[in-house]
Amino acid sequence: MSERRVPQRVRPSAEERADAGAAETARPGTIYPGDCVEVMRTWPDASFDACITDPPYNMSRRKGLKWAFSSHVTMDEQWDRFSNDDYLEFTRRWLLEVCRLVRANGNILVFGSFHNIYVIGFVLEHVLGRRILQQITWFKPNAQPNITGRLPTESTEYIIWACNNTPERAGKWTFDYARSKEIGGGKQLRNLWQIPCTPRSERRLGSHPSQKPVQLLERIVTLWTKPEDLILDCFLGTGTTAAAATQLGRRWVGIERDAGYIEIAKKRLGASA
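Residues numbered from 1 in each chain as written. Predicted model: local features only at pLDDT ≥ 70, side-chain atom pairs only at ≥ 80, totals over all residues. Heavy atoms only, no water.

1. Points about helix H7 (residues 259-269)
Phase 1: Considered for burial, the residues of H7 that qualify are Tyr261, Ile262, Ile264, Ala265 and Lys266.
Phase 2: In the core, the buried residues of H7 are packed alongside strand S1 (30-33) and strand S10 (251-256).
Phase 3: Looking one or two residues beyond H7, the residue adopting positive phi is Gly270, at roughly 70°. (Buried < 20%, exposed > 50% of the residue type's maximum accessible area, 1.4 Å probe, protein only. Helix = DSSP H or I, 4+ residues; strand = E, 2+ residues; numbered from the N terminus. Contact = heavy atoms within 4.5 Å.)

And the structure:
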């Protein structure tokens, strides 16, 4: 049996980097339509203080996922469907640009489920050589039941927290420890967070299949960024990261390729077309 080689840590090739001297600076408070990698390549290095984003999980199936006791079908989104090799390369490409765009020692926080979180961690740590500091587990007390009727209810999602530097050079990352203790009731905040799924009130203008609750994003923005920091969300969806950033006095830039989700985000944010 041949050994599987682990990819070496890589830097962007000439084709994978924008010409920083000619690049346009990202405009805060703007939603950029299009493919996130293509858009990010137009911006200069170290443009952002942090990235908080929720990429495709690669959990959709060709015919969707069917419930065991009803005709309902879920997770049949074309944008969330990749082969394993394609998903690995997709993850490498967009994280490569994120690492280029976030300043040295800036925070990178990426959502995932068991379907993709190991790929994301592998790329960040072993391919791009970033220091992973911790994993946050989001426990959803009102998660939907397992649709197959053959497994326990999947009640958690995860957030990988990485410092945008090598393990040897990583340091002075942003984390509001004092505020985290307040949230933890005077004790160290644990990395298991119990927050309900997105309420209907946050979906009234339209929704996304993996839309996160504002409460969850507000906690992340509060703890891992500072006022006036510029946050990148390269998979903006319906704009929850931007909504939380605006509420907390941070600046943001979003990228989203789906026109329908952009319209929902603009309505939520009160942005002009």
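Now, onward.
2. Examining the sheet that holds strand S7 (residues 156-163)
Phase 1: Across the sheet, eight strands lie side by side as S1-S10-S9-S2-S5-S7-S6-S8; this open sheet has mixed pairing. Every other strand in the sheet has two partners, leaving S1 and strand S8 (192-194) as the edge strands with one partner each. Averaged over neighbouring strand pairs, the angle between their axes works out to 20° when direction is ignored.
Phase 2: Of the strand pairs in this sheet, strand S6 (residues 131-139) and S8 are connected by three bridges, and their pairing is parallel. Looking across to S8, one finds that Thr137 is bridged to Leu192.
Phase 3: Along the sheet face, helix H5 (residues 214-224) touches strand S2 (48-53), strand S5 (102-112), S6, S7, S8 and strand S9 (230-233) and points at about 160° away from the line of S5.
Phase 4: In the packing of H7 onto the sheet, the strands contacted are S1 and S10, and the crossing angle to S1 comes to about 175°. (Pairing = 2+ DSSP bridges. Axes fitted to C-alpha atoms, helices over the stretch in contact; angles between N-to-C directions.)

3. Some thoughts on helix H2 (residues 84-101)
Phase 1: The end-to-end C-alpha separation of H2 is 26 Å, in line with the 26 Å expected for 18 residues at 1.5 Å each.
Phase 2: Within H2 the residues assigned to the buried category are Tyr87, Phe90, Thr91, Arg92, Trp94, Leu95, Leu96, Glu97, Val98, Cys99, Arg100 and Leu101.
Phase 3: Residues of H2 that are buried make contact with helix H1 (36-40), S2, S5, helix H3 (117-127) and S9. (Expected span 1.5 Å × (residues − 1).)

4. Section: the packing of H5 against helix H6 (residues 240-247)
Phase 1: Here H5 crosses H6 at 55°, and the two axes come no closer than 9 Å. Between H5 and H6, the angle is such that the two are oblique. In the crossing of H5 with H6, the sense of the turn from one axis to the other is right-handed. Counted together, Val214, Leu217, Glu218 and Val221 of H5 and Thr240, Thr241, Ala244, Ala245 and Gln247 of H6 form the full contact between these two elements. (Parallel < 35°, antiparallel > 145°, perpendicular 65-115°, else oblique. Left-handed = near helix turned anticlockwise from the far one by under 90°.)

5. Quick word on the side chain of Asp54
Phase 1: Note on placement: Asp54 falls in the loop between S2 and strand S3 (65-66).
Phase 2: Within the structure, Asp54 has its side chain in polar contact with the side chain of Tyr57 (distance 3.1 Å).
Phase 3: Side-chain polar atoms of Asp54 contact the side chain of Lys212, separated by 2.6 Å. (Polar contact = N/O pair within 3.5 Å; in protein donor to acceptor, adjacent residues only side chain to side chain.)

6. Some points on the pairing of S7
Phase 1: Among the eight residues in S7, eight count as buried, and that is most of the element.
Phase 2: Across the two faces of S7 the burial is the same, with Thr156, Tyr158, Ile160 and Ala162 and Glu157, Ile159, Trp161 and Cys163 all buried.
Phase 3: When S5 meets S7, the two strands line up antiparallel, connected through six bridges. Looking across to S7, one finds that Asn107 is bridged to Cys163.
Phase 4: By the bridge criterion, eight bridges tie S6 to S7 in an arrangement that is antiparallel. Among the inter-strand pairings, Trp138 is bridged to a residue of S7, identified as Glu157.

7. Overview of the nonpolar core
Phase 1: One finds Met40, Trp43, Trp94, Val98, Leu232, Cys234 and Ile255 to be the most contacted residues of the largest nonpolar core, which totals 35 residues.
Phase 2: Those elements giving two or more residues to this core turn out to be H1, S2, H2, S5, H3, S7, S9 and S10.
Phase 3: In terms of residue count, H2 provides more of this core than any other element does, eight residues in total.
Phase 4: Counting residues in each nonpolar core, the second largest holds 25 residues, with Ile159, Trp193, Ile195 and Leu217 among its members. (Core = buried A, V, L, I, M, F, W, Y, C linked by side-chain atoms within 4.5 Å.)

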